[in-house]
Amino acid sequence: MGEATVKTLDSRTATPSPMMEDEVAAESVHSGPVRRTPRSPRRPRIWFEILLIAVSYWTYSLIRNAVPEQRTEALRNADWIWEAEKTLGIAVEQSVNHAMNSVTWLIVSMNYYYATLHFVVTIGVLVWLYRGHPGRYAAARLILFSTTGVALVGYYLYPLAPPRLMNGRHFIDTVLVHETWGSMASGNFKNMSNQYAAMPSMHIGWSLWCGLIICALATAPWARILGVLYPTLTLVVIVATANHFWLDAVGGMLCLTFGLGVSYVWFRALPHQMPRLVLEDPNRPQRFRRLLPTRA
């Protein structure tokens, strides 16, 4: 009479299985605390995500390269940025550029870093989110897409030449000097990309997005350390290769701030505040049903 029982689908009573209770509890703990939001994300679909990322990057490249290059205005803006940095006492890009260029193996490594990790790490973080944090994936992706979208506005409104293209400033184009493949705006690739879209720096916008996501969601201390180091090293690389000014990096940070704001407004939460796993549709069959204790 006093023994706890549960209702089954055919209204019969049965003693609850300790093993089943343990598995339900484990699954609940694994899912973590659920934070209700006005737009709780659904489980991402791999085919849709691949298509979305491919189309989005194609659109981004098309629009970015379609922006009028406006060489005269871009060079004039570069001179203004350089003089502004001198006034602020932060115009050390040329010293960094020449110092790094004197160490061949280091600057060649930076050229390849600039050309590859920008894409490899960003895609890697998206895959990690998709597999390990599906409930946070949509919010993090929205930050990245919004950051990139607002950067296009910057390219259109403020054409800017990178330091390596400035007249009479003696910056070194490290890709040309060392004949390495490190910039889509140097050497044989210069006609494939808008060379005067340096503000804001999406190398900083994307790398800082990666770093923040890793630091907020990773549990391993070494991963968090890498999350801090990656945008820091990227900042050094974009300056050492004369592809950006310090202030271009500030522009990238402002774009990321905008992206964070868009994601927060849409989801009413930032990625780390979202549940790690996606809430299942209550109408779908579940592996385990919640056990309802009754009295005999």
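Please read these numbers as outputs of a predicted model, since none were measured by experiment.

Definitions and cut-offs
- Residues numbered from 1 in each chain as written.
- Predicted model: local features only at pLDDT ≥ 70, side-chain atom pairs only at ≥ 80, totals over all residues.
- Heavy atoms only, no water.
- Helix = DSSP H or I, 4+ residues; strand = E, 2+ residues; numbered from the N terminus.
- Buried < 20%, exposed > 50% of the residue type's maximum accessible area, 1.4 Å probe, protein only.
- Contact = heavy atoms within 4.5 Å.
- Areas by Shrake-Rupley, 256 points an atom, 1.4 Å probe, with all protein chains shown as cover.
- Salt bridge = Lys/Arg side-chain N within 4 Å of Asp/Glu carboxyl O.
- Patch = residues over 30% accessible without salt bridge, like charges linked within 9 Å, V, L, I, M, F, W, Y side chains within 5 Å.
- Expected span 1.5 Å × (residues − 1).
- Polar contact = N/O pair within 3.5 Å; in protein donor to acceptor, adjacent residues only side chain to side chain.
- Bend = angle between axes of the 7 residues up to and from the residue.

Colleague: What's the story with the overall build of the chain in this structure? I'm lost.
Modeller: A tally of regular secondary structure across the chain gives 10 helices and 3 strands. Mapped from its N terminus to its C terminus, the chain presents α and β elements in the order β-β-α-α-α-α-α-α-α-α-α-α-β. Expressed as a percentage of its 296 residues, the buried residues of the chain come to 41%. Contacts in the chain between residues at least 24 apart in sequence constitute 83% of all its contacts with a sequence separation of at least 6. Looking at the chain as shown, the accessible area adds up to about 17000 Å², and 64% of this sits on carbon and sulfur atoms.

Colleague: How do you make sense of the pattern of salt bridges when you look at a structure like this?
Modeller: Any two side chains of opposite charge can pair if their charged atoms end up close together. This structure, assessed with the given rule, holds 4 salt bridges. A salt bridge links Arg169 to Asp79, with the nearest nitrogen and oxygen atoms 3.5 Å apart. Here Arg169 is found in the loop between helix H6 (134–157) and helix H7 (174–178), whereas its partner Asp79 is found in helix H3 (residues 71–88), with 90 residues between them in sequence. Taking the relative accessible area as the measure of exposure, Arg169 reaches 19% and is therefore buried. Taken together, the shared-partner salt bridges in this structure form one network comprising Asp79, Glu83, Lys86 and Arg169.

Colleague: What am I meant to see in a nonpolar patch on the surface here?
Modeller: Together, Ile46, Trp47, Phe48, Ile50, Leu51 and Val55 line one region of the surface with nonpolar side chains, adding up to about 600 Å² of accessible area. For Ile46, a relative accessible area of 46% gives the class partly exposed.

Colleague: I'm lost on the side chain of Asp248 in this one. Help?
Modeller: Summarising the element assignment, Asp248 is placed in helix H10 (residues 246–267). Setting aside anything within four residues of it in sequence, one finds Asp248 in contact with Leu160, Ala198, Met199, Pro200 and Ser201.

Colleague: In this structure, what is going on with unusual backbone geometry? I would like to understand it.
Modeller: The phi torsion of most residues other than glycine is negative, and most of the peptide bonds are trans. For the bond from Met199 to Pro200, the omega torsion is 0 degrees, close enough to zero to count as cis. Its identity is not glycine, yet His170 carries a phi of approximately 65 degrees, on the positive side. Residue position: His170 is located in the loop between H6 and H7. Of note in this structure, Ala242 is not a glycine but carries a positive phi near 60 degrees.

Colleague: What is the right way to read the environment of Leu277 from this model?
Modeller: With respect to the element layout, Leu277 can be found in the loop between H10 and strand E3 (293–294). A relative accessible area of 22% means that Leu277 is categorised as partly exposed. In sequence terms Leu277 and His133 are 144 residues apart; their C-alpha atoms lie 6.1 Å from each other.

Colleague: It is not clear to me how helix H8 (residues 202–217) should be interpreted in this structure. Could you clarify?
Modeller: At 3.6 residues per turn, the α-helix brings residues three or four places apart onto the same side. Its 16 residues place the ends of H8 22 Å apart at the C-alpha level, agreeing with the 22 Å of an ideal helix rising 1.5 Å per residue. Most of H8 sits out of view: 12 of its 16 residues are buried. Every buried residue of H8 is accounted for by Met202, His203, Ile204, Gly205, Trp206, Ser207, Trp209, Cys210, Gly211, Ile213, Ile214 and Leu217. Residue Ser201 occupies the N-cap position of H8, its side-chain oxygen lying 3.4 Å from the main-chain nitrogen of His203.

Colleague: What am I meant to see in helix H5 (residues 104–132) here?
Modeller: A rise of 1.5 Å per residue sets the reference length of H5, with its 29 residues, at 42 Å; its end C-alpha atoms lie 39 Å apart and thus fit the reference within 8%. Within H5, the axis deviates most sharply at Thr116, by approximately 45 degrees. Where H5 is concerned, the buried positions are Ile107, Met110, Asn111, Tyr113, Tyr114, Ala115, His118, Thr122, Val125, Leu126 and Leu129.

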